[in-house]
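Below, each chain spelled out in residue letters.
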Amino acid sequence: MALAPSSANLVPIFVHSLSSSSFPGLRLCHSCILSPCARSLTSQRRICLLGRKRNDHAKLPLTLCEAFPDALLFDCDGVLVDTERDGHRVSFNDTFAERGLNVTWNVGLYGELLKIGGGKERMIAYFNQVGWPVGAPQDEKERNDFVASLHKRKTDRFMELIEKRSLPLRPGVARMVDDALSNGVKVAVCSTSNEKAVSAIVKVLLGSRQAESISIFAGDIVPHKKPDPAIYLLAAAALAVDPARCVVIEDSAIGLAAAKAAGMKCIITKSWYTAEDNFDGADAIFDCIADISDMNFDLKFCGNLIEMKYTKI
């Protein structure tokens, strides 16, 4: 969690930092005995209980690991499944070829297009930049219908890949979902992707029983897509939870921006396309949910992010 340099007079009792240099004026303690959730640290990810003096640690609350968030909100593409390169991109290209369009999105180009939230929006932005295909309508409404038709066919092709289980769940996803649901934590998937595609991923890859307990907010359910916070605010309202007690798991900068604008904690799990992106402002960054290189990324870890507290020096 990022703290402004001017906040040096505030010492977090529980701090997650991406690097110690990110927090001018803060002292990271390495000599005291830390709680179990704060061991095995590296310079890139630190959790530390802080106090004025070493002996003061005994007076600080050590029960943060017992609290859970009220809701876990997952992005879909790149978080549940690393779908973009070999799923959505391939489905777009197959659809373009099927319709006789001289359009191919290579791996690099698609990575740039992912900065635009939503498949239909992505196509419109691309065609507006490079020119619309021969035979495409000239009227704006008809062009929107044309794009919607392409996107519908692309979604059908993508669902075929999911139903064949060509794209597996990312490591740790099933465990995290099971843990959340079994502990009464609400779970939702919030995505700019088509609702049918997201539902297929949840039902096929997580199973019908779990799918019944997972809320889905996707596609055009909100008028503005990520980085706008609308979809996360809608999810919090529908689930009747305080946004401040939600933890979002994202893989992209636009998803991170949406989560933080909604007032939620956000954990990044890097995906193929986002591994080198800048995630300043994220509350934690992992390679995937199953990443245990530093510490277990689990429900207690998410709860700790929610339960951060501050005390004056």
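Just so we're clear, the structure is a prediction, and the values are computed from it rather than from any experiment.

Novice: Tell me about the sheet that holds strand β9 (residues 284-286), and please be specific about residues and values.
Specialist: Two strands in a sheet stick together by hydrogen bonds in their backbones, pointing the same way (parallel) or opposite ways (antiparallel). Read from one edge to the other, the open sheet built from six strands follows the order β6-β5-β4-β7-β8-β9, with strand pairing classed as parallel. Each edge of the sheet is formed by a strand with only one pairing partner; in this case those strands are β6 (214-218) and β9. Averaged over all pairs of adjacent strands, the angle between strand axes in this sheet comes to 20 degrees, irrespective of strand direction. Where strand β5 (residues 186-191) and β6 come together, five bridges link them in parallel fashion. Opposite serine 191, over in β6, you have alanine 218 as the bridge partner. Of the strands in this sheet, β5 and β6 touch helix α6 (residues 195-206), which is tilted by about 155 degrees from β6.

Novice: Can you explain the confidence of the model for the chain? Please cite residues and give values.
Specialist: For the chain, per-residue confidence averages 80 on the pLDDT scale, and residues scoring 70 or more make up 76% of the total. Overall, residues 1-65 carries pLDDT values under 50, and its contacts beyond four positions in sequence, including any with other chains, amount to 129 contacts.

Novice: Break down the pairing of β5 for me, citing the residues and quoting the values.
Specialist: The element β5 is extensively covered by neighbouring structure, given that five of its six residues are classed as buried. Alignment of strand β4 (residues 71-74) against β5, held across four bridges, turns out to be parallel. When the bridges of β5 are listed, leucine 72 appears paired with valine 187.

Novice: Account for helix α5 (residues 173-182), naming residues and giving values.
Specialist: Since the α-helix packs 3.6 residues into each turn, any two residues three or four apart lie on the same face. Here α5 has its buried residues at Val173, Met176, Val177 and Ala180. Buried residues of α5, seen end-on, are gathered within an arc of 95 degrees and therefore sit on one face of the element. Where α5 is buried, its residues contact β4, β5, α6, α7 (208-211), β6 and α10 (299-306). Backbone geometry just after α5 places glycine 184 at a positive phi near 75 degrees.

How each quantity is defined
Residues numbered from 1 in each chain as written. Predicted model: local features only at pLDDT ≥ 70, side-chain atom pairs only at ≥ 80, totals over all residues. Heavy atoms only, no water. Pairing = 2+ DSSP bridges. Helix = DSSP H or I, 4+ residues; strand = E, 2+ residues; numbered from the N terminus. Axes fitted to C-alpha atoms, helices over the stretch in contact; angles between N-to-C directions. Contact = heavy atoms within 4.5 Å. pLDDT = per-residue confidence, 0-100. Buried < 20%, exposed > 50% of the residue type's maximum accessible area, 1.4 Å probe, protein only. Arc of directions from axis to C-beta.

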